[in-house]
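Structural characterization, general
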Amino acid sequence: MKRVFKICAAVFFLFAFQIPTAAQTEPPKSVQPVPLSPLQTEPLKSARALLSDSLYALFLEEDFDVEKQYLQNTMSDNFPYNIIVSFGEKNGKTENQKRLIISCPQQDAADIMPQIAGLIHRIEAKHLNIETFFVFTANDYSAASGFFSEANAPTFANSGTYTCINNLETTENTTVLVMHKGENRHIFSSFRKRHIEIIPGAKNDYNKGTVIPRDFFKMFTNACSSADASYSVRDRFLSLYRIGFSENDPLVSAWFSAGIPALMLILNEENADVLCSVLEYYAESYNSAAPFGDDAGYSVFNLFDRTFFISEYAYVLFLSVSAAVTLFLFFIFSFIRGAHRYIHRAEFFRTWYLIPLILCVTAILLFAVQIAILKTAPAGIRTPLFFLAVKTVFALALFTFVFFPFAYYTFKLPLTGFIYGYLLSVSAFLNIFLFAAVDLALIPVFIFEYVIISISRSVRKVIPLLLCSLCMTILYIPFIEVIAGFDAQLCAHFISEASFLFNLLYAAFLLPFAIMIIRILLRFKLWKRRGTKSKKTIRMQTFFVMSFIALFFIVLFTLSLLTDSAQQEDAALPDLHTKENTVSLSFERTAQFGRSLFTLKLSSKQPVIRYYIEIGSSSVVPVFESNYPYDMFFKPSTAVFPLEDYPPEPFTLNFSAEGIRDTLCTVIALVQTDDGIKTERLAYTITGVH
């Protein structure tokens, strides 16, 4: 009996301890991990990510000191990543240790890797006493930059360069040379192999144009001479970079915004060898050079195969001497020489106010014509030159045939040629100082204009006056050529949506031309008499000018209406393409110990440029942990994942959150199609436990 009792007790205790053990080995269905498919465990990398892998492997084979630098918004090698080859005095470096960075987008470097590898070997063999970094950036010049901005998403258009900048220990004593693939504009093919086009400036973090220091530029030109290479500055004049007229390159601008001077070298298959030679000579010169100065107000020009620099100090000295000579000519010879000096002096005191009056009226007319064009002209014809030509011609026409006749009769202005020639000289003289404040390198241009105007003061006939006007215009043809190449942003800032202050500055530029027009029309005796017949003639001229301008804007407005109606008809046409999204979304949640574990999977039938993901919930902290970086300060109760370009296929995002709450996932996908970039929006909501 006791034996049976012992057996029963053993069986009872066995079942009592076995049941909980079995329950622990098989968790409830609600907390089972989601099985991963083979595609999830081994995602297919994009072509750009594979390019990063191939470059990294190539540098390893070359036995370089190479490292991966993950982009700051992904921190993963499933996306493209920067590659850094470094050597130099890293150990025991001092505070004033110089640093040379040679940067190149990976897609530009892929075609010339033999030349780049040889350059790295040669520089490494020199054992320079500076830190040297070759940075091959990923995801620069992003195709998604036009779809996202920092105003509506915490993203960067050139994340490879920004990642490199943000990982620098210091920006002191750092020089950057950026290689970027572009078109060689040289006419003769025999010169293309030894010619390098450069971009020496950009806008900094204050949105102000700047250029590299003069010592930097001089060292580069010396390197070109040593390598028997020629160079040219894109847009020709450094003043255009300082003013902001040149097209802003985002990579150069990123370095300048960080306080680091950067020079871009335009790379192509023809000049790759000579460009690498220039970089080698530059690195050797930079190794033994003193730290660069901060002279950025200089000019540079080539003459007889030699490069000459005009420093900022030389411009200031030139301005002071020119001012002294000009003031002497104005106030000595103009009023003490000649039989009519007393009459000239009296006329000047009667008309001195014309300069500020004409300036203000012209600025108002420019601003009014600008608004009229914006309201009437179709967007398709608002090119920079069209906008500038219409503003200039109509403003000068309204000034000449509407305002000046009114001022002539109201203020009883004199019609002698001397006083307007004298006012013309005064306006040109004042422009020298005004535009010197904009940029010192503009002083020679306005000095030449003043010389032409001074010569024209003794001219009485119409043909010579027209020739002087033509010479004044020729001085600014290079600037007109640059304006013709303005992009939409530059055109809006300086022309189509210019502020009143900028129109006032442009009116000061036009002031000598406006007074020269008055001098020419005086020779035709247009306003010679103040009689009734003369007034009637002037009224007819004013009527015809106003009618022509009104008719012009009516035609523009009609074209704008026709263009808008055509676009609306095109938009109303049925879309013959399929509405099916190319991107599919799956969003799953498992609950475990009071915490939600999410798995978001995105898959696309076509190449994806970028995913932008937002996770929102009622919790203050919508995401607790994730396998990718995120931003919780951009939107309240929302975690933003501003992922980098070219994600893997499929893309998997794993994250956790406290509690089991309603969770909304919003995805914006930029998909590369045959018709261009297509934007797809997807949303998915998982309800919580209430």
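Residues numbered from 1 in each chain as written. Predicted model: local features only at pLDDT ≥ 70, side-chain atom pairs only at ≥ 80, totals over all residues. Heavy atoms only, no water.

1. Let's talk about the pairing of strand 19 (residues 651-658)
Most of strand 19 is tucked away, with 6 of its 8 residues classed as buried. The pairing of strand 16 (residues 625-626) with strand 19 spans 2 bridges and is classified as antiparallel. Paired with Glu 625 across the two strands is Ser 656, which belongs to strand 19. (Buried < 20%, exposed > 50% of the residue type's maximum accessible area, 1.4 Å probe, protein only. Helix = DSSP H or I, 4+ residues; strand = E, 2+ residues; numbered from the N terminus. Pairing = 2+ DSSP bridges.)

2. Overview of a nonpolar patch on the surface
Among the surface-exposed residues, Leu 385, Ile 463, Leu 466, Leu 467, Leu 470, Ile 474, Ile 477 and Ile 480 lie close enough to one another that they form a single nonpolar patch of about 710 Å² accessible area. Looking at the nonpolar patch, the elements with two or more residues in it are helix 18 (462-474) and helix 19 (477-484). Among the elements that line the nonpolar patch, the one with the most residues is helix 18, at 5 residues. You can see Ile 463 is positioned in helix 18. (Patch = residues over 30% accessible without salt bridge, like charges linked within 9 Å, V, L, I, M, F, W, Y side chains within 5 Å. Areas by Shrake-Rupley, 256 points an atom, 1.4 Å probe, with all protein chains shown as cover. Salt bridge = Lys/Arg side-chain N within 4 Å of Asp/Glu carboxyl O.)

3. Brief notes about the pattern of salt bridges
Enumeration according to the criterion identifies 15 salt bridges in this entry. Residue Arg 236 is joined to Glu 481 by a salt bridge in which the shortest nitrogen-to-oxygen separation is 3.3 Å. Of the two residues, Arg 236 sits in the loop between strand 9 (230-233) and helix 9 (238-243) while Glu 481 sits in helix 19, which places them 245 residues apart along the sequence. It is possible to trace a salt-bridge network through shared partners that takes in Arg 122, Lys 126, Glu 280 and Glu 284.

4. Digging into the sheet that holds strand 13 (residues 583-592)
Within the open sheet, the 4 strands sit side by side as 13-14-19-16. Their pairing is antiparallel. The sheet terminates laterally at strand 13 and strand 16, the two strands that pair on one side only. As paired elements, strand 14 (residues 595-604) and strand 19 share 7 bridges and run antiparallel to each other. In the sheet register, Leu 600 faces strand 19, and the bridge partner there is Leu 653.

5. With respect to the nonpolar core
Of all hydrophobic cores here, the largest spans 81 residues; its most connected members are Tyr 420, Ile 443, Phe 446, Phe 486, Ile 495 and Phe 509. The dominant element in this core, judged by the number of residues it contributes, is helix 15 (residues 384-411), at 13 residues. Not counting residues up to four positions away in its chain, the partners in contact with Ile 495 are Gln 370, Pro 384, Phe 387, Leu 388, Lys 391, Ile 483, Phe 486 and Leu 490. Judged by nonpolar contacts, the second largest core, of 75 residues, contains Leu 100, Phe 134, Leu 238 and Leu 267. (Core = buried A, V, L, I, M, F, W, Y, C linked by side-chain atoms within 4.5 Å. Contact = heavy atoms within 4.5 Å.)

6. Things to note about the sheet that holds strand 1 (residues 66-69)
Strand order in this open sheet of 8 strands is 1-2-4-3-5-10-6-9, and the pairing throughout is mixed. Pairing within the sheet leaves two strands with one partner each, and these edge strands are strand 1 and strand 9. The average undirected angle you get between the axes of adjacent strands in this sheet is 25 degrees. As paired elements, strand 3 (residues 99-105) and strand 4 (residues 131-137) share 7 bridges and run parallel to each other. (Axes fitted to C-alpha atoms, helices over the stretch in contact; angles between N-to-C directions.)

7. Concerning the packing of aromatic side chains
Within the structure shown, the criterion is met by 48 aromatic pairs. On the numbers, 6.3 Å between centres and 50 degrees between planes, the contact of Tyr 476 with Phe 479 is tilted. Judged by relative accessible area, which is 14%, Phe 479 ranks as buried. Counting every residue linked through ring pairs, the aromatic cluster contains Phe 237, Phe 435, Phe 446, Tyr 476, Phe 479, Tyr 506, Phe 509 and Phe 513. Over the ring of Tyr 56 we find Lys 68; its NZ or CZ atom is 4.9 Å from the centre of that ring. Above the plane of the ring of Tyr 286 lies Lys 98, whose end atom (NZ or CZ) is 4.8 Å from the centre. (Phe/Tyr/Trp six-rings, centres within 6.5 Å; stacked < 30°, edge-to-face > 60°. Lys NZ or Arg CZ within 6 Å of the ring centre and 35° of its normal.)

8. Looking at the confidence of the model for the protein chain
Of the residues in the protein chain, 83% have a pLDDT of 70 or more, and the chain-wide mean is 82. Below a pLDDT of 50 lies the segment residues 1-40, which in the model reaches 15 contacts outside its immediate sequence neighbourhood of four places, other chains included. Overall, residues 570-578 carries pLDDT values under 50, and its contacts beyond four positions in sequence, including any with other chains, amount to 1 contact. (pLDDT = per-residue confidence, 0-100.)

9. Section: the environment of His 180
Residue position: His 180 is located in strand 5 (residues 174-181). A relative accessible area of 17% means that His 180 is categorised as buried. His 180 sits 72 residues away from Asp 108 along the chain, and the two C-alpha atoms are 6.4 Å apart. At a separation of 2.8 Å, a polar atom in the side chain of His 180 contacts the side chain of Asp 108. (Polar contact = N/O pair within 3.5 Å; in protein donor to acceptor, adjacent residues only side chain to side chain.)

10. As for helix 5 (residues 113-125)
Compared with the 18 Å implied by 1.5 Å per residue over 13 residues, the 18 Å span of helix 5 between its first and last C-alpha is a close match. Within the span of helix 5, buried status applies to Met 113, Ile 116, Ala 117, Leu 119, Ile 120 and Ile 123. With its buried residues spanning 160 degrees around the axis, helix 5 presents them on a single face. Turned more than 90 degrees from where helix 5 packs its buried face, Pro 114 and Ala 125 sit exposed. (Expected span 1.5 Å × (residues − 1). Arc of directions from axis to C-beta.)

11. Points about unusual backbone geometry
Between Glu 649 and Pro 650 the backbone carries a cis peptide bond, its omega angle lying at -5 degrees. Summarising the element assignment, Pro 650 is placed in the loop between strand 18 (638-642) and strand 19. The backbone of Asp 63 shows a phi angle near 65 degrees, a positive value even though the residue is not glycine. Within the fold, Asp 63 resides in the loop between helix 3 (47-61) and strand 1. Unlike most non-glycine residues, Asp 235 shows phi in positive territory, near 70 degrees.

12. Some details on helix 19
Buried within helix 19 we find Pro 478, Phe 479, Val 482 and Ile 483. Relative to the axis of helix 19, the buried residues are bounded by an arc of 140 degrees and lie together on one face. Looking at the buried positions of helix 19, the neighbouring elements they touch are helix 9, helix 15, helix 18 and helix 20 (488-496).

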